[in-house]
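Now for the letters of each chain:
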Amino acid sequence: MKIVVIGGTGLIGSKLVAKLGEHGHEAVAAAPKTGVNTLTGEGLAEVLENADVVVDVSNSPSFEDAAVLDFFTTSTRNLLAAEKAAGVGHHVVLSVVGSDRRPDIGYFRAKTAQEALVKESSVPYSLVHATQFFEFGPSIADGATSDGKVHMPPVAYQPVAGDEVARTVGRTAVAAPLNGLVEIAGPTRYRMDEFFRDALKAWGDPREVVTDPKAQYFGAVPDETTLVPGDGAVLGETTYEDWLRRSGG
C-alpha cells in the first residue's frame, strides 16, 4: 500500500513510517519540512496521488484554545477534500483518550471537532485514541510546575510507549476502515501524582510533587476517568520502568 503519514517527521509519525516500511509498504512522510502543508493545502494533491491510506498524526504548534481548534479544523478540511479528489480509501486519525468526554478542555474540544469532520466525510475512517505518551512525561511535569513544585491531581493515569501507539496506528491503517474507534493505553494504571513522584525520582529531578486535587491538565481539572480508556482498549506491553531503562532515561 501507499500510505501517506501527515506529521510523518514527528515523534509518532517517524516511528510509524519506519514500521510501515519494514512491512513492505510505501510509507511517505508528509510535513511542512517535506513540502506538504495541510493548513495551506501546499503539496497535498501531489503527495496523495495513488495513495491508499492517509494517516494523520500531526499536531498543532500552539495549544492555545483558538489556535489549536483552527489548526485541526482547517488542516482536516483541506486534507479530506484532497483525499476525496485523489480517491483515498481510508483516513486514520490519532486522537486522545477522553477527548469525547471533556469538551471543557480546549485541546480535547479541538480534537473532537476534528473527529466530527472526519465522521461527516465520505472517506472511510478509523480513529485511534491514545493515552499520554511516556515520552511526554517531562513536558507534562514542566507544565504542572508552579513555584518550583510539580502539582499533580490524584486521578487515574495510564500512559503508553510511543512505539506501541505507532504499532497500533499502523495495524489500524493497513486493516479495513473501522468507521469507529480503538483505544490504546499502557499496561499499568497509576495515580497521576504517584506516577510523577516516582518518575521524577527516576529522572534525578529534585522537584517535589504535590498532590493537588485542583491541579489542571490542559487548562481544566481532570476527573477520575478523563485520562484513562474504557473497557476493550488495546493495552501495550511495555511498562514505564522498562521503557525508561531502554531509553537510557
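Residues numbered from 1 in each chain as written. Predicted model: local features only at pLDDT ≥ 70, side-chain atom pairs only at ≥ 80, totals over all residues. Heavy atoms only, no water.

Trainee: Describe the overall build of the chain, with residues and values.
Mentor: The number of helices and strands found in the chain is eight helices and 12 strands. A compact globule built from 249 residues should have a C-alpha radius of gyration of about 18 Å, and the chain, at 18 Å, falls within 12% of that. Looking at the chain as a whole, 49% of its 249 residues qualify as buried. Pairs at least 24 apart in sequence give 79% of the contacts found in the chain among residues at least 6 apart. Positive and negative side-chain charges of the chain, numbering 22 and 33 respectively, have mean locations separated by a distance of 3 Å. (Helix = DSSP H or I, 4+ residues; strand = E, 2+ residues; numbered from the N terminus. Rg over C-alpha atoms; globule rule 2.2 N^0.38 Å. Buried < 20%, exposed > 50% of the residue type's maximum accessible area, 1.4 Å probe, protein only. Contact = heavy atoms within 4.5 Å. Lys, Arg positive; Asp, Glu negative; His and termini not counted. Charge placed at Lys NZ, Arg CZ, Asp CG, Glu CD.)

Trainee: Requested: an account of the pairing of strand S4 (residues 90-96), with residues and values cited.
Mentor: Buried residues dominate S4, accounting for seven of its seven residues. Every second residue of S4 is oriented toward a common face, with His90, Val92, Leu94 and Val96 on one face and His91, Val93 and Ser95 on the other, all of them buried. Chirality of the crossover, the property in question, places the unit of strand S3 (residues 53-56), helix H3 (residues 65-86) and S4 among those that are right-handed. On the question of chirality, the crossover connecting S4 to the parallel strand S5 (residues 125-130) by way of helix H4 (residues 106-120) is right-handed. (Right-handed = clockwise from strand over helix to strand, strands pointing away.)

Trainee: Let's hear about the sheet that holds S3: which residues, and what values?
Mentor: The strand order across the open sheet built from seven strands is S2-S1-S3-S4-S5-S9-S12, with neighbouring strands paired in parallel fashion. Edge positions in the sheet fall to strand S2 (26-30) and strand S12 (234-235), since each of these pairs with one other strand and no more. In this sheet, S5 lies alongside S4 in parallel orientation, the contact comprising six bridges. Bridge assignment links Val93 to a residue of S5, and that residue is Leu127. Strands in contact with H4 are S3, S4 and S5; relative to S4, the strand with the most contacts, it is inclined by about 165°. Packing of helix H6 (residues 162-174) onto the sheet brings it into contact with strand S1 (2-6), S3, S4, S5, strand S9 (181-185) and S12, and relative to S4 it is tilted by some 155°. (Pairing = 2+ DSSP bridges. Axes fitted to C-alpha atoms, helices over the stretch in contact; angles between N-to-C directions.)

Trainee: Break down the sheet that holds strand S11 (residues 208-211) for me, with residues and values.
Mentor: Pairing in this open sheet of three strands is mixed, and the strands run S6-S7-S11 from one edge to the other. Edge positions in the open sheet fall to strand S6 (145-146) and S11, since each of these has one partner strand only. As judged from the four bridges shared by strand S7 (residues 149-152) and S11, these two strands associate in the parallel manner. Within the sheet, the bridge partner assigned to Lys149 lies in S11 and is Glu208. The strands touched by helix H7 (residues 192-203) are S7 and S11; relative to S11, the strand with the most contacts, the crossing angle is about 175°.

Trainee: Could you give an account of the environment of Val88, naming the residues involved and the relevant values?
Mentor: Looking at the element boundaries, Val88 is found in the loop between H3 and S4. Here Val88 falls in the buried class, since its relative accessible area comes to 6%. Remark: the alpha-carbon pair of Val88 and Ala51, spanning 37 residues in sequence, is separated by 5.9 Å. Apart from residues lying up to four places away in sequence, Val88 is in contact with Ala51, Asp52, Val53, Val54, Glu83 and Val123.

Trainee: Lay out the side chain of Glu164 in plain terms, naming residues and giving numbers.
Mentor: With respect to the secondary-structure elements, Glu164 resides in helix H6. The class for Glu164 is buried, based on a relative accessible area of 6%. Ignoring anything within four residues of it in the chain, the contact list for Glu164 reads Ile184, Gly236, Glu237 and Thr238.

Trainee: With reference to specific residues and values, describe the packing of aromatic side chains.
Mentor: In the structure shown here, the tally under the stated rule is 16 aromatic pairs. Measuring from ring centre to ring centre gives 5.2 Å for Phe71 and Phe72, while their planes differ by 80°; the resulting arrangement is edge-to-face. The same class applies to Phe71 as to Phe72, namely buried. For the ring pair Phe195 and Phe196, a centre distance of 5.1 Å and an interplane angle of 80° mean the geometry is edge-to-face. Residues Phe195 and Phe196 agree in their burial class; the two are buried. Put simply, the rings of Phe63, Phe71, Phe72, Tyr107, Phe108, Tyr217 and Phe218 touch in pairs and so form one group of aromatic residues. Across from the ring centre of Phe72, 4.2 Å away, lies the NZ or CZ of Lys111, which sits over that ring. (Phe/Tyr/Trp six-rings, centres within 6.5 Å; stacked < 30°, edge-to-face > 60°. Lys NZ or Arg CZ within 6 Å of the ring centre and 35° of its normal.)

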